[in-house]
Amino acid sequence: MIKKSPVGTVRKLTLSFTAALVVSCLSPAVLSAETDTGGEVEVLHWWTAKGEMNAADVLQHSLEQQGIGWKNFAIAGGGGESAMTVLKSRAVSGNPPSAAQLKGDDLQEWGMLGFLTNLNKVADAEHWDQLLPPVISRIMKYQGHYVAVPVNIHRVNWLWVNPNLMQQAGATVPDSLDAFFVAAEKLKAAGIVPVALGSDPWQEVTLFESIALAVLGPVDYRRAFVELDMSQLGGDKMVEVFRRFIAMRQYIDVKTKAMEWSDASAMVVHGEAAMQFMGDWAKGELTAMGKLPGQDILCIPAPGTQGYFTYNIDSFAFFKNNSAKHLKAQEMMAHTILTPDFQRQFNLAKGSIPVRHDVSLAGFDPCSRASAEAFKNSEVHNTLVPSLSQGLATSSYVQAAIFDVVTDFFHSKNADPEQAAHRLARAVKSAR
Ligand code: GAL
């Protein structure tokens, strides 16, 4: 249930065993998979919802057009927990895929194990340092070397709103947590489910982190979840975060059965729930369902987080292999991902915005344009924060400990906000 460290077991391997693994990655199966033209990439990812698949198709076709074969290694499950488990077992058996969707702190953990291809040659030739916002290039590097290529910028602190249901209930689109609770009460009184929420722990933490950002503000959010400052984690403001979080539960049709984030988005589209807290991959889903984001379904910053930007950066890392052809295909994939044309087409489908600021947003919907504007403003005002639920804020160990506390609290019959904040501080202290 709870997200565990994606590479936790791997990390415990001894260094010498790890080195042996890297060498044994050069399996004949991988080598024979190469075509006679530009080689082949086997790509592990978890983009299996409609909008996500459309985006993955853009990548596949861009590569195929250049003679690079695509071996699809898609593992269902939003947030990537299952994909990371599969990746770990493939790596441990000495047969990792050539490319994998890896992001945030996981890059440091895999980099430390020596699995990842150094991309400096492409990065230097194509001036990634100048091209990428510093907040992004920093994440892509392990010990100063590029080990991943960023695909997009997702904003996580969004609220998706069905305007018809709001109107039916006489509720106003909320711009603060207080206003949210007023609206939710009206919706509930009108017999409408105020908030759709899927069943995964990461989805609950998505809701939690938006409330945390509203209550703490960006400075204390970073102190708590990036710097792991005990007085923030166990302090009064964190108690308030838990208080607000649990107050939301009565407005959510809490699922006992498994439900994906995309099913929750569909509930908002089909008028079965009024709102969803979710990153803008939800927008890819709305677009795939023929809805116009910003009009049919509104996008507003999660209440109380206007002017702040919680980022989630998708990226691909490449696994070492001693075939020159294999390396060439990996470098071509890295190169392709940062081309302006790919950035446009991919992000139009995915719901995110390009990582390059020089890509035109003509034809992007109002939500993407608002996201790009918010990112730039947040860069200037230092109000960018990394997403906790998406593995951008802290190590997978600490993240798993936080997920445990937050989700146990959310499902507990006697949820006590003060105890939860103390538990949070203790759990982080022992996991770090
Ligand atoms: C995130 C990923 C997004 C989105 C989401 C739901 O982890 O970064 O691109 O696809 O999962 O699957």
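In this text the structure is predicted, and so the values were computed from the model without any measurement.

(A) Broad picture of the domain arrangement of the chain. Its domain assignment divides the chain into domain 1 (32-153 + 314-362) and domain 2 (155-311 + 385-431). In this structure, domain 1 and domain 2 have C-alpha centres spaced 28 Å apart. Between domain 1 and domain 2, the contact holds 21 residues from the first and 22 residues from the second. Both faces considered, domain 1 and domain 2 share a buried interface measuring about 1,600 Å² in area, 51% of it formed by carbon and sulfur atoms. Connecting domain 1 to domain 2 are 0 salt bridges. At the level of elements, α4 (50-65), α6 (105-112), α9 (134-140) and α18 (340-350) are the ones that each hand at least two residues to the side of domain 1 that touches domain 2. If one sorts the elements of the side of domain 1 that touches domain 2 by residue count, α4 sits on top with 4 residues. When the residues that make up the side of domain 1 that touches domain 2 are grouped by side-chain class, the tally is 5 nonpolar, 8 polar and 8 charged.

(B) Representation of the site of the ligand within the structure. Neighbouring residues of the ligand: 13 residues in total, closest E52, K103, D314, K350 and Q390. With respect to the ligand, the side chain of K103 contributes an N or O atom lying 2.8 Å from an oxygen atom. In the complex, the protein chains occlude 100% of the 300 Å² of accessible area that the ligand would expose alone. Tallied by class, residues from the shell around the ligand come to 4 nonpolar, 5 polar and 4 charged. Both of domain 1 (32-153 + 314-362) and domain 2 (155-311 + 385-431) provide at least three residues apiece to the shell around the ligand.

So, how was this worked out
Residues numbered from 1 in each chain as written. Predicted model: local features only at pLDDT ≥ 70, side-chain atom pairs only at ≥ 80, totals over all residues. Heavy atoms only, no water. Domains from an automatic or database assignment. Contact = heavy atoms within 4.5 Å. Buried area = accessible area lost by both parts, 1.4 Å probe. Salt bridge = Lys/Arg side-chain N within 4 Å of Asp/Glu carboxyl O. Helix = DSSP H or I, 4+ residues; strand = E, 2+ residues; numbered from the N terminus. Nonpolar A, V, L, I, M, F, W, Y, C, P; charged D, E, K, R; others polar. Near = heavy atom within 4 Å. Polar contact = N/O pair within 3.5 Å; in protein donor to acceptor, adjacent residues only side chain to side chain. Areas by Shrake-Rupley, 256 points an atom, 1.4 Å probe, with all protein chains shown as cover.

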